[in-house]
Amino acid sequence: MTMVTENGASLTRVHDLRLLLPALGAWLCATVLIGGSTNNTIYVAILCCLIAGFLSGANRADWFRGRGPERFPLDSMVWCCAAVCAGVAIAAMGCATALHVRDTSPARGAIGKGSVGIVVRPTSDPRPISSLHGQPRYVLEAQLDSIRVGASGEKGNGRLLVVATGAKWASITPGQRVACRGLLSKPLEPGLIAAVVRTRSAPRSLGKPPWFQSLAQDARAAGRGAATRSVPGPAAGLITALAVGDRAALSPETAADFRASGLSHLSAVSGANVAIVVGAVLLGLRALRAPPLVCSVAAGIALVGFVVLARPEPSVLRAATMAAVALLALALGRPRAALPALGFTVLALVTYDPALSRDIGFALSVCATAGLVCWASPWSRWLRGRGLPAGLAEALAVAAAAQLACTPLLVALGEGLNFVAVLATVAVAPAVPPITMLGVLTTLVAPASSTLAQLSAWCAGWFARWILFVADNAAEVSHPVPWPNGAVGALWIVLLICVGVTFTCYRPLRPYALLVAVILVLGLLPIILFRAATGVGEWRILACDVGQGDALLIRVDDQSAIVIDVGPDPELIDRCLRDAKIDRIPLLVLTHSHQDHVGGIAGATRSREVGATVTGLGQTVHGSVTRVGTGWRTRVGPVELEALAPASPMAGTHSDANNNSLVLRARMPGLTALFTGDVEIDAQRALLDADAPLRADVLKVPHHGSAFVLPEFLAEVRPKVALVSVGEHNRYGHPSQLAMGTLRSLGAKVLRTDQWGHCLVSIDRRTGLTVAGRAR
């Protein structure tokens, strides 16, 4: 049975939920069990199998053969419970298998046994992170092939996270067998990683990568080069990033603008890219009157090739699996069923790789797809029925549906509401298909014909410039609507969406939906009005968005600020200082010598008057600097600074440079703040043992929120606001669930630069309370 609303929109039949409900159960199950033990997971699988079987038998029907109630009587709840339990059972079996591989990996037994020799097969491209003593560092995921501890070696498997130092790691290709030596440690986060490998040895290739990976690597490099030669400025990096997910040439400024304008999804490959590529192949073949089987096979080949070219990221896997199901239905002559296809995709992927259940990109991709399937088509028809042109109605409906479906998750993550993102998405929508096709064409033909590739890239450059223009201007005016963040804000959004759907689709329930909507709005109104009307004074502290690094400003007056660390990139810190209108730096603090804290010094000092420069004891920082430690005090304008650590240089710790970070406590009228650099557990414990005055209103969270943190240290600070300076999609896993969970349990408002961009702290003029939010 298909139910039809009064505006002509058809609602899916009950049977379409057959795969959605198991998928939901599987997703929730994998999220919970992925950090557990193998035996407990097996027990969950067996129990849920029994429950699902009992419920199906009790209802005298078989859910999975399509027989069931067409409507929603009471016994349909039994069907729903049976479906969810079946999904939980399936996912639990997948989790049990993955956890068994993790726990029995020989890498687990080699943790803490010193330097070991390993042979691995990388499963991801090397991703650059902050450098170490001037040496580039990369992080990549890999599968263990063999391991040698001392004189004994053995074959094995298991997932590894490799943190490698040295320029030669940049040329490693996924699938290539590589040997190296390194230290193994236990992962800091729950998941399927068996061990973390830290190596400074150069990789030794044990063979060529698979031929298809080599072709993809060469094509990506050639396409990137062709775009750079034919298109000036940041538009070149956007072409390959949007088309095939190659972000190597994407500038940090562009990434920041895309994040602020709500267009960051464009710089990563997603279902839209897959749909454009596969759709173009199908349209071409149908124009030639090819039969459905030929169309499906050819489109399937194009799909596999695109996944190899773009790398199997979570959003690509979701889109590719769903497209494969749709192509199979086309080949078999079956009607399309988008919701069951989405359910099957989620169920299959979460069972195959339970780690996807905790991937935010995968979750956003699924939510956006569900929104498009359920809402985009009826909304588009409704807009066309009221006089909007078909193209504009389609673009607006697609953008609004995807944004609305993702909003609860974004609010839960602290992103806030951003209506500018919908308008920006609509504005760039016409440019996305041509730049995608031209970017893919550039990448494919670049190895064979540089001239043709540059011509294609030149054409794509015009569309890229339009997207950059929209992103830059949207970032200038974009700011979140006052709204409660976290789980509470997400729940309000979900309730309002449910009420809106009920009001739109079901006439008999409209009075009740209207009553609930009034209650919800009245409950939210005081919060929204208070946040919107809060009289925020001048910013006191500003955390600059400089990627994976630290750069913080303490306001002295309208044109000067104390600068604590300068991030890894001169351009990013220079831009932040210009945005804040800072022309003078009376005090420059470099907490320690790592590149992600000192690499941007040329940009910070560019055309600015700089006073004294200080760093911590035991740090090796070039230039004229003063090394200070515990007891050092100074006053700059209204700001008093006191050094709490280091008392003396530490040695033999997990990271001496991090633990010797200069820790400063700042006092200014109405506000105290603690700046902790990258101090880890040893330094934090020393501060606790020394009974240092740690309590502060604002905390710069140590080490980008890593898991090298003591919960009791955070509890002693007990901040109202926690600033996390961290890079988007960093492969360190920063910030850790341990740090974020502890801070939220303490009632702190957590602001992350990877989600918010520049983050500011100020004082409410009327109440004197600490106010924190996104810098405009």
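**Quick word on the pairing of strand E5 (residues 135-149)**
As judged from the 6 bridges shared by strand E3 (residues 115-122) and E5, these two strands associate in the antiparallel manner. Looking at the pairing, Gly117 lines up with Arg148 of E5. Looking at chain direction, E5 and strand E7 (residues 159-165) are connected through 7 bridges and run antiparallel. What sits directly across from Tyr138, in E7, is Ala164. Relative to strand E6 (residues 152-155), E5 runs antiparallel, the two being bridged by 4 bridges. Each residue of the ladder has a partner; that of Ile147, found in E6, is Glu154. Linking E5 to E6, which pair antiparallel, is a turn of 2 residues; within it Gly150 sits at a positive phi near 65°.

**Some thoughts on the pattern of salt bridges**
The final tally for this structure, using the stated rule, is 19 salt bridges. Within this structure, Glu571, Asp574, Arg578, Arg606 and Arg608 form a network of salt bridges that share partners.

**Let's talk about the state of the cysteines**
For the structure shown, the criterion picks out 1 disulfide. Covalently, Cys544 is tied to Cys576 through a disulfide, its sulfur atoms 2.0 Å apart. Between Cys544 and Cys576, the S-S torsion sits near -70°, and that sign places the bridge as left-handed. Taken together, the residues span a long stretch of sequence, with Cys544 in the loop between strand E11 (541-543) and strand E12 (552-557) and Cys576 in helix H19 (residues 570-579) at a distance of 32 residues. Both residues of the pair, Cys544 and Cys576, count as buried.

**Let's talk about a nonpolar patch on the surface**
A contiguous nonpolar patch, built from Leu452, Leu455, Trp458, Trp462 and Phe463 and spanning about 520 Å² of accessible area, is present on the exposed surface. Within the element layout of this structure, Phe463 appears in helix H16 (residues 450-477). For Phe463, a relative accessible area of 30% corresponds to the partly exposed category.

**Concerning the side chain of Ser105**
Locating Ser105 in the fold gives a position in the loop between helix H3 (76-104) and helix H4 (106-109). Assessed through its relative accessible area of 3%, Ser105 is described here as buried. For Ser105, the side chain forms a polar contact with the main-chain oxygen of Asn157, separated by 2.6 Å. Setting aside its immediate chain neighbours within four residues, Ser105 contacts Leu144, Asn157, Gly158 and Ala194.

**Examining the confidence of the model for the chain**
Note that predicted coordinates carrying low pLDDT should not be read in detail. Of all residues in the chain, 78% attain a pLDDT of 70 or more, and the chain-wide mean is 78. Averaged pLDDT values over the elements of the chain bottom out at 39 in strand E1 (residues 3-4) and peak at 93 in strand E21 (residues 698-700). In the predicted structure, residues 58-75 sits below a pLDDT of 50 and forms 36 contacts with residues beyond four places in sequence or in another chain.

**Comments concerning unusual backbone geometry**
Where the residue is not glycine, phi is negative for most of them; where a peptide bond is considered, it is trans in most cases. Following Ala645, the chain continues into Pro646 via a peptide bond in cis, with omega recorded as 5°. Mapped onto the elements, Pro646 comes out in the loop between strand E18 (639-645) and helix H22 (656-659). Although it is not a glycine, Asp691 adopts a positive phi angle of roughly 55°. Assignment of secondary structure puts Asp691 in the loop between helix H23 (681-689) and E21.

**Description of the sheet that holds strand E19 (residues 663-668)**
In a beta sheet, neighbouring strands are held together by backbone hydrogen bonds and run either parallel or antiparallel to one another. Spatial strand order, E17-E18-E19-E20-E21-E22-E23: 7 strands in an open sheet with mixed pairing. Sheet topology places strand E17 (633-636) and strand E23 (749-752) at the edges, where each strand pairs with a single neighbour. Averaged over all pairs of adjacent strands, the angle between strand axes in this sheet comes to 20°, irrespective of strand direction. Taken together, the 3 bridges between E21 and strand E22 (residues 721-724) define a ladder with parallel strand orientation. Note on E22: the bridge partner recorded for Lys700 is Leu723. On the sheet, helix H25 (residues 737-745) packs against E21, E22 and E23 and is oriented at approximately 145° with respect to E23.

**Concerning the packing of aromatic side chains**
Overall, the coordinates contain 4 aromatic pairs when judged by the stated rule. Summarising the aromatic geometry, the rings of Trp466 and Phe469 are spaced 5.7 Å apart at their centres and angled 25° between planes, so their arrangement reads as stacked. Here the residue Trp466 and the residue Phe469 both occupy positions in helix H16, the gap between them amounting to 3 residues, near one helical turn. On the basis of relative accessibility, which here comes to 48%, the residue Phe469 falls in the partly exposed class. Sitting over the face of the ring of Trp462, Arg465 holds its NZ or CZ atom 4.9 Å from the ring centroid.

Rules used throughout
Residues numbered from 1 in each chain as written. Predicted model: local features only at pLDDT ≥ 70, side-chain atom pairs only at ≥ 80, totals over all residues. Heavy atoms only, no water. Pairing = 2+ DSSP bridges. Helix = DSSP H or I, 4+ residues; strand = E, 2+ residues; numbered from the N terminus. Salt bridge = Lys/Arg side-chain N within 4 Å of Asp/Glu carboxyl O. Disulfide = S-S within 2.5 Å. Buried < 20%, exposed > 50% of the residue type's maximum accessible area, 1.4 Å probe, protein only. Patch = residues over 30% accessible without salt bridge, like charges linked within 9 Å, V, L, I, M, F, W, Y side chains within 5 Å. Areas by Shrake-Rupley, 256 points an atom, 1.4 Å probe, with all protein chains shown as cover. Polar contact = N/O pair within 3.5 Å; in protein donor to acceptor, adjacent residues only side chain to side chain. Contact = heavy atoms within 4.5 Å. pLDDT = per-residue confidence, 0-100. Axes fitted to C-alpha atoms, helices over the stretch in contact; angles between N-to-C directions. Phe/Tyr/Trp six-rings, centres within 6.5 Å; stacked < 30°, edge-to-face > 60°. Lys NZ or Arg CZ within 6 Å of the ring centre and 35° of its normal.

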